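Breakdown of the fold
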Amino acid sequence: MITNQLFKLLINFLNKPKFILGFVLSLIGTNLGLLLPQLIGRLLDVKFLTEISSQPNLLAGMVLFFISVYVIRATSSYLVGTCGSQALNKIQKYIYDHLLKTSVQELDTYQSGDLASRLTNDMSIVLNFITAVIPNLLLNFIIIAGSIYFLFTISPSMTLISLVIVPVLLLIIVPINARLESYYNNYQTGVGEISSRISHKFVHIRLMKAFRGERSEAREMGKSFDRLTANYKKIIGWSSFQNTLISSLMMGFIILILVLAGGEVAKGAMTMSSLMTFVLYLTQMIDPISDISEGATEISEFKSVSNRLMEVLKLAKDDYCEDKFGLENTAINMSGVNFAYDTDNILNNLSVQIPSGKHVAIVGPSGAGKSTIFSLLMKFYQDYQGSIQIGQQELKNLSPSQVRQMISYIPQDNTLFHGTIRENLLYGKNSSVSEERLQEILEQLDLSRLIDELEKGIDTGISDSGTGLSEEQKQRFNIARAFLVDHPIYLLDEVTASLDSVTESIISKAIDKFTAGKTRLTIAHRLNTIREADYILVLNKNGSVSDFGEHQQLTQRSSLYNHFLSELQEAS
Ligand SMILES: Nc1ncnc2c1ncn2[C@@H]1O[C@H](COP(=O)(O)OP(=O)(O)OP(=O)(O)O)[C@@H](O)[C@H]1O
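Residues numbered from 1 in each chain as written. Predicted model: local features only at pLDDT ≥ 70, side-chain atom pairs only at ≥ 80, totals over all residues. Heavy atoms only, no water.

Here we look at helix H14 (residues 370-377)
Since the α-helix turns once every 3.6 residues, residues separated by three or four places project in the same direction. Of all eight residues in H14, seven are buried; the element is thus mostly enclosed. Three or more residues of H14 are buried, namely Lys-370, Thr-372, Ile-373, Phe-374, Ser-375, Leu-376 and Leu-377. One or two positions beyond H14, positive phi appears at Lys-379, with a value near 60°. (Buried < 20%, exposed > 50% of the residue type's maximum accessible area, 1.4 Å probe, protein only. Helix = DSSP H or I, 4+ residues; strand = E, 2+ residues; numbered from the N terminus.)

What to know about helix H13 (residues 286-313)
A rise of 1.5 Å per residue sets the reference length of H13, with its 28 residues, at 40 Å; its end C-alpha atoms lie 40 Å apart and thus fit the reference within 8%. Of all 28 residues making up H13, 20 are buried, and the element is well covered by its neighbours. (Expected span 1.5 Å × (residues − 1).)

Some points on the packing of aromatic side chains
Any two aromatic rings considered together are summarised by their centre-to-centre distance and by the angle between their planes. As enumerated under the stated definition, the model contains 15 aromatic pairs in all. Note on Tyr-187 and Tyr-232: the rings are 5.3 Å apart at their centroids and 40° apart in plane angle, and the pair reads as tilted. With a gap of 45 residues between them, Tyr-187 in helix H9 (residues 165-203) and Tyr-232 in helix H11 (residues 214-267) connect regions that are remote in the sequence. Judged by its relative accessible area of 38%, Tyr-232 is partly exposed. These aromatic residues form a ring-pair network of at least three members: Tyr-149, Phe-150 and Tyr-281. Above the ring of Tyr-384, the side-chain terminus of Lys-396 is found at 4.2 Å from the ring centroid. (Phe/Tyr/Trp six-rings, centres within 6.5 Å; stacked < 30°, edge-to-face > 60°. Lys NZ or Arg CZ within 6 Å of the ring centre and 35° of its normal.)

A closer look at the sheet that holds strand E1 (residues 332-340)
Judged by pairing direction, the sheet is antiparallel, and its four strands sit side by side in the order E2-E1-E4-E5 without closing on themselves. Each edge of the open sheet carries a strand with a single partner, namely strand E2 (345-354) and strand E5 (393-394). Inspection of the sheet shows E1 paired to strand E4 (residues 385-390) by five bridges, in the antiparallel sense. Looking at E4, one finds that Asn-338 is bridged to Gln-385. (Pairing = 2+ DSSP bridges.)

Notes on the sheet that holds strand E11 (residues 535-539)
Read from one edge of the open sheet, six strands run E6-E9-E10-E3-E11-E12, paired in mixed fashion. What marks the edges here is a single partner per strand, and that holds for strand E6 (407-410) and strand E12 (545-549). Sheet twist, expressed as the average angle between the axes of neighbouring strands with direction ignored, equals 15°. Where E6 meets strand E9 (residues 489-493), four bridges bridge the pair, whose relative direction is parallel. Bridge pairing in E9 places Ser-408 opposite Tyr-490. (Axes fitted to C-alpha atoms, helices over the stretch in contact; angles between N-to-C directions.)

Notes on the packing of helix H2 (residues 16-34) against helix H5 (residues 56-101)
Running from N to C, H2 and H5 point in directions that differ by 150°, and their axes come no closer than 8 Å. Between H2 and H5, the interaxial angle falls into the category roughly antiparallel. Viewed along their axes, H2 and H5 form a crossing whose handedness is left-handed. Here Lys-18, Phe-19, Leu-21, Gly-22, Phe-23, Leu-25, Ser-26, Ile-28, Gly-29, Thr-30, Leu-32 and Gly-33 of H2 come into contact with H5, specifically with Phe-65, Val-69, Ile-72, Arg-73, Thr-75, Ser-76, Leu-79, Val-80, Thr-82, Cys-83 and Gln-86. (Parallel < 35°, antiparallel > 145°, perpendicular 65-115°, else oblique. Left-handed = near helix turned anticlockwise from the far one by under 90°. Contact = heavy atoms within 4.5 Å.)

Focus: the packing of H9 against H13
The relative placement of two packed helices comes down to the angle between their axes together with the axis-to-axis distance. Axis separation between H9 and H13 bottoms out at 8 Å; the angle between their running directions is 35°. For the pair H9 and H13, the crossing hand works out as right-handed. Contacts between H9 and H13 involve Leu-169, Ile-173, Asn-177, Leu-180, Glu-181, Tyr-184, Asn-185, Gln-188 and Thr-189 from the former and Ile-289, Ser-293, Ala-296, Thr-297, Ser-300, Glu-301, Lys-303, Ser-304, Val-305, Asn-307 and Arg-308 from the latter. A class-by-class count of the residues in the contact of H9 with H13 yields seven nonpolar, nine polar and four charged. (Nonpolar A, V, L, I, M, F, W, Y, C, P; charged D, E, K, R; others polar.)

Brief notes about a nonpolar patch on the surface
The grouping of Ile-20, Val-24 and Ile-28 at the surface amounts to a nonpolar patch, some 240 Å² of accessible area in total. You can see Val-24 is positioned in helix H2. (Patch = residues over 30% accessible without salt bridge, like charges linked within 9 Å, V, L, I, M, F, W, Y side chains within 5 Å. Areas by Shrake-Rupley, 256 points an atom, 1.4 Å probe, with all protein chains shown as cover. Salt bridge = Lys/Arg side-chain N within 4 Å of Asp/Glu carboxyl O.)

So, the UniProt feature "transmembrane region" (unreviewed entry) in the protein
In this structure's numbering, the residues bearing the UniProt feature "transmembrane region" (unreviewed entry) are residues 20-40, 52-72, 125-152, 158-178 and 235-259. End C-alpha to end C-alpha, residues 158-178 measures 33 Å, and it is 90% helix and 0% strand. With 100% helix and 0% strand, residues 235-259 has its two end C-alpha atoms placed 36 Å apart. (UniProt positions renumbered as here; feature names shortened; annotations may be inferred.)

Focus on the side chain of Thr-515
Inspection of the secondary structure puts Thr-515 in the loop between helix H20 (501-514) and strand E10 (519-523). Looking at Thr-515, the relative accessible area reads 4%, which means it is buried. When neighbours within four sequence positions are excluded, Thr-515 is seen to be in contact with Phe-483, Tyr-490 and Arg-520.

Have a look at this one:
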């Protein structure tokens, strides 16, 4: 069972000695607390009352006893609570680490906000469950068991009558909780969808405002909030109904017992002080029973979030093997490659040989699968058929980690993370980049001047959408980030797309210098880039190879290539 798996994780990460100490203290506190009604009952005994009032030490002892019960209880809840939050902290890190290592292919089916909600919102439910619900449930069971024991010592027959309530309560709790679990599931999914939408929309706030999307956004979000509220209403409705029913049943039952016990007192089978103690124990059970019924609701909620958390842990991770491997050259050989994201093939029997150390431009209609080729080479997706070789190494035999140490990829979008410029440039590289290399790259990409003009220089902060920098500047920082570490293979996805022609010429020269003698694949939409490449790979719309060759050769033999060139000329 999935919930059990989360329990195993919790137990694994729990500081067991501290938790056990907390729990034992809590047992002691609860058991001592069980004696309180006995003491109060005795206080109602006139003889005992006269005795105790003449003995101040006994009275002080009793007060001390009451205080110690509460101190023990407070210490135990502190110990159990801190243990729970430490265990949760470890689980959070464990799940986040798993998510980071999960393959792109698996993560494609999840919304980022939903994942964030699992790690935050769902986790806080788990924390409440470990630190409050479980200890309370256990203590409540102990209080109930202890109370039943004392009730038996006072009147076995009356106690047996009182216990009739247990199966009645179970008949109410079990079916209502099954219903609640599914509502909690829907609720958590709704929270995930909403946080996903909010984070996505606020990253693209300019686009939303430019299209005056505020009203439709508010309407759509309003519907999502309404669905969440409707679901929450069901949760509140059913749990209130359950709690009210249980509390009323309990009260009714106690009154019934009181009437029956009153008869016993009248017959002289029970003393008044025993009756009072009996009633005190009975009433002492009301809160634990209500807590257990509420706890049952919380168990449903916990089961629902456990499923969501464990689902994440089941996603397949990338292989992180970093063993060294021999590479004679960096030629890329793709043979009979077929690939589909869903059902339809995007790449169709694609075969091409890219010589080591050469620059190849990839051209083809939109949607032909140019970026998909890069995704396969980066091992973002691994379910392709056919063979891809780098040097003599079959790509399938290399781990994603090994591949990504060899290939540098500059994507189409100019994403910069929240942080400083330096943090962005050194992202994922730890301390492996020397200051000289950093300065050299910045100089070549004409970024040094820009950085010098900033008040905090390279330590200037940028927001996660890169606010404060132009698209062209963001693009250059992206390029700099990729070239800080020397790799034998570079994949460039339209990297000069947002540059003006003057900057493009500077950046292209810098890229030529950085990639000299290395294998470079460029998805190209500019005539210059295409002409300067050693070879051009022309793709058909269906993701198969139309042609491969030098620019001159292709202009003489490929109608698709010539058509593509004339389209580019017209566009410029
Ligand atoms: N993660 C994905 N899941 C499902 N389909 C995808 C995914 N990524 C791309 N596709 C689809 O695969 C096809 C090829 O996309 P790809 O981005 O590789 O084409 P492209 O040739 O680079 O196009 P463009 O020049 O427009 O960028 C497109 O139909 C696209 O909708």
